[in-house]
Amino acid sequence: MAKYRQGESGNPRGRPQGSKNFITSSFREELLSAISIESILADIEKCVPAQRAALKIKLLEFVQPKLKNIEFVDVTSIEALIQMSPEERRKRIMELKLKHNERSERTKIA
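Residues numbered from 1 in each chain as written. Predicted model: local features only at pLDDT ≥ 70, side-chain atom pairs only at ≥ 80, totals over all residues. Heavy atoms only, no water.

Here the chain averages 79 in pLDDT, while 84% of its residues score no lower than 70. Here helix α4 (residues 78-83) stands out as the least confident element of the chain, with mean pLDDT 79; helix α3 (residues 49-60) is the most confident, with 89. (pLDDT = per-residue confidence, 0-100. Helix = DSSP H or I, 4+ residues; strand = E, 2+ residues; numbered from the N terminus.)

Laid out in C-alpha cells, this is it:
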C-alpha cells in the first residue's frame with residue numbers, strides 16, 4: 001500500500017516559488033560552457049541561404065516576443081474614412097487606439 005493517498009505528497013507545500021532547480025541550472029551552465037554563440041553563428045553562416053533564413057527565423061522566437069493578432073470591432077468603414085477630412089480621420093484613429101488600449105488593459109487585469 002502507498003504511503004500517501006493519490007494527490008498528496010510528503011511535501012504538501014512543494015518547492016518554494018522562485019527557488020532554483022539546481023539540476024536544471026547546472027545542466028544549463030554545462031551546456032553553455034560546451035557551446036559558444038560564436039560557433040553557432042559560424043555554423044549558421046555555413047548553411048545554404050534558405051536554411052540560414054529558416055534558422056534565423058526560428059532563433060528570433062527566443063529574442064523577439066511573438067506578436068498577437070488584434071481585431072478591431074466597430075471600425076469605421078473604408079468609405080466613411082475616405083469621406084472624412086484628414087483631421088476627422090486622425091480623431092477617429094485616436095478613438096480606435098484608445099478603445100483598443102482600454103480593451104488590452106482589461107485583459108491584462110483579468
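Within the element layout of this structure, Glu88 appears in helix α5 (residues 86-109). Given the relative accessible area of 44%, Glu88 is considered partly exposed. Only 2.8 Å separates the side chain of Glu88 from the backbone nitrogen of Ser85, close enough to count as a polar contact. (Buried < 20%, exposed > 50% of the residue type's maximum accessible area, 1.4 Å probe, protein only. Polar contact = N/O pair within 3.5 Å; in protein donor to acceptor, adjacent residues only side chain to side chain.)

Looking now at the pattern of salt bridges. In this structure the tally under the stated criterion is five salt bridges. Linking Lys46 and Asp43 is a salt bridge whose minimum nitrogen-to-oxygen distance equals 3.9 Å. Residue Lys46 and its partner Asp43 are both found in helix α2 (residues 37-46); the two are separated by three residues, about one turn of the helix. For Lys56, the salt bridge goes to Glu45, with nearest N and O atoms at 3.6 Å. Of the two residues, Lys56 sits in helix α3 while Glu45 sits in helix α2, which places them 11 residues apart along the sequence. Classification of Lys56 by relative accessible area gives partly exposed; the value is 42%. A single network of salt bridges, built from pairs that share partners, joins Glu45, Arg52 and Lys56. (Salt bridge = Lys/Arg side-chain N within 4 Å of Asp/Glu carboxyl O.)

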